[in-house]
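Coordinate inspection notes
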Amino acid sequence: MSWELLLWLLVLCVLLALVVQLLRFLRADGDLTLLWAEWQGRRPEWELTDMVVWVTGASSGIGEELACQLSKLGVSLVLSARRVQELERVKTRCLENGNLKEKDILVLPLDLTDRSSHEAATKVVLQEFGKIDILVNNAGRSQRSLCMDTSLDVFKELIELNYLGTVSLTMCVLPHMIERKQGKIVIVNSLLGILSAPLSSGYCASKHALRGFFNCLRAELATYPGIVISNICPGPVQSNIVKNSLFEDVQKTIGVDTAQSHKMATSRCVRLMLISMANDLKEVWISDHPFLLITYFWQYMPTWALWLTNKLGKRRIENFKNGLDADISYFKTWKTKHD
């Protein structure tokens, strides 16, 4: 075989690989590292069994679905949120549909904004199960209001809950993980912790803060390779997060259901979260297009991303003012592929 022919074959292989990657990306609902782990990586059913998993914000949405999928893996669960009745409902669902017994699930009411209660809550979990293998920081609220119309108290509430509450609970659990030299800290962030979008200025700020803090903490824990910090960034997912979003005043929420069919199914999002946890991925993006594509723009071509966000942001604001889901128009040509 001549060198010239070999070179052409090499070029052809490279071009074919690029085409395959492009086709994969067009169908992707997560970053390519995550999807590779889904295809070739470790299975949650192998890696997460017999662990003690503490889930905050477990009373609905992603937190509830995560608890239910974890209950099928043979873990011990700690379910935390403010609404005790809803936590009991989730516990019942886990017992009915999972592989757990009553003793395997602890309902632990918790208000993340009450930071003085976090150390005592951590002690309760350790007394009950003797260890904490995974802390899933899922609790949080979103926002739907224009920056100039929003009370400063709304920004304060979002920082107190989404950022300071998450940091506080993590700092209570972390000494236990350092003592054991192992553990997983999972932060359910958002694509809005990477990019920014109108109507969510306070929410974006709190999620950007989380990403900065935990990236720094990860570097400081480099001498503890057994402690893994995973920053998970979902895009629009079927949940009540928009309905429960803060409005212009801290006493007001959106309070109405918005369209959900164009968003990713919660079950699919949680499955990808479990895969990222099983494979110790440091940061993952979970979303259908076009938000996944826009996130890549923000990461690698920020000038273009800012221009694109300004263009799309006008429609987002129009949708909101017309009583529609702010993001619904972006999905007219992209359909959710996974149930």
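Relevant structure appears above.
Structural notes, computed from the coordinates. (Residues numbered from 1 in each chain as written. Predicted model: local features only at pLDDT ≥ 70, side-chain atom pairs only at ≥ 80, totals over all residues. Heavy atoms only, no water.)

What to know about the nonpolar core
Nonpolar side chains tend to gather and get buried jointly when the protein is soluble and globular. Put simply, the rule reads: Buried Ala, Val, Leu, Ile, Met, Phe, Trp, Tyr and Cys residues that are joined via side-chain atoms within 4.5 Å together make up what is termed a nonpolar core. Each residue gets one of three labels from its accessible area relative to the maximum for its type: buried under 20%, exposed over 50%, partly exposed in between, using a 1.4 Å probe on protein chains only. For helices the rule is a DSSP run of H or I covering at least 4 residues; for strands it is a run of E covering at least 2, with both sets numbered from the N terminus onward. In what follows, residue pairs with any heavy atoms lying within 4.5 Å of each other are defined as contacts.
Formed by 50 residues in total, the largest nonpolar core has its most connected members in Val53, Leu70, Leu77, Val136, Met273 and Ile286. Per-element tally for this core: the top contributor is helix α9 (residues 266–278), with 7 residues. If sequence neighbours within four positions are ignored, Met273 has contacts with Ile62, Leu66, Val188, Ile232 and Ile286. Core analysis: the next-biggest nonpolar cluster, separate from the first, contains 26 residues, Leu108, Ala121, Leu169 and Met177 among them.

Quick notes on the packing of helix α7 (residues 152–180) against helix α8 (residues 201–220)
Which entries qualify depends on this criterion: Axes here mean lines fitted to C-alpha atoms, for a helix over just the part in contact, with angles spanning 0 to 180 degrees between N-to-C directions. Note on angle classes: values under 35 degrees are labelled roughly parallel, values over 145 roughly antiparallel, values of 65 to 115 roughly perpendicular, and the remainder oblique. Rotating anticlockwise by less than a right angle from the far helix to the near helix defines a left-handed crossing, while the corresponding clockwise rotation defines a right-handed one. When residue character is reported, Ala, Val, Leu, Ile, Met, Phe, Trp, Tyr, Cys and Pro are called nonpolar, Asp, Glu, Lys and Arg charged, and the others, Gly included, polar.
Between α7 and α8, whose axes approach to 7 Å, the crossing angle comes to 20°. Regarding the angle of α7 to α8, the classification is roughly parallel. For the crossing formed where α7 meets α8, the hand is right-handed. Here α7 contributes Phe155, Leu158, Ile159, Asn162, Tyr163, Thr166, Val167, Thr170, Met171 and Leu174 to the contact with α8, which in turn contributes Ser201, Gly202, Tyr203, Ser206, Lys207, Ala209, Leu210, Phe213, Phe214 and Leu217. The residue inventory of the contact of α7 with α8, partitioned by class, reads 13 nonpolar, 6 polar and 1 charged.

A few points about the packing of aromatic side chains
We apply this condition: Two aromatic rings from Phe, Tyr or Trp, using only the six-membered ring of Trp, form a pair when their centres are within 6.5 Å; if the ring planes differ by under 30 degrees the pair is stacked, by over 60 it is edge-to-face, and anything between is tilted.
Applying the stated criterion to the full structure yields 6 aromatic pairs. Seen from their ring centres, Phe213 and Phe214 are 5.0 Å apart, and the 85° between their planes marks the pair as edge-to-face. Judged by its relative accessible area of 1%, Phe214 is buried. An angle of 55° between the planes, with centres 6.1 Å apart, marks the rings of Phe247 and Phe320 as tilted. With Phe247 in the loop between β6 (227–234) and α9 and Phe320 in helix α11 (residues 302–321), this pair connects stretches of sequence that are 73 residues apart. Residue Phe247 is classed as partly exposed on the basis of its relative accessible area, which comes to 23%. Taken together, the ring pairs connect Tyr163, Phe213 and Phe214 into an aromatic cluster.

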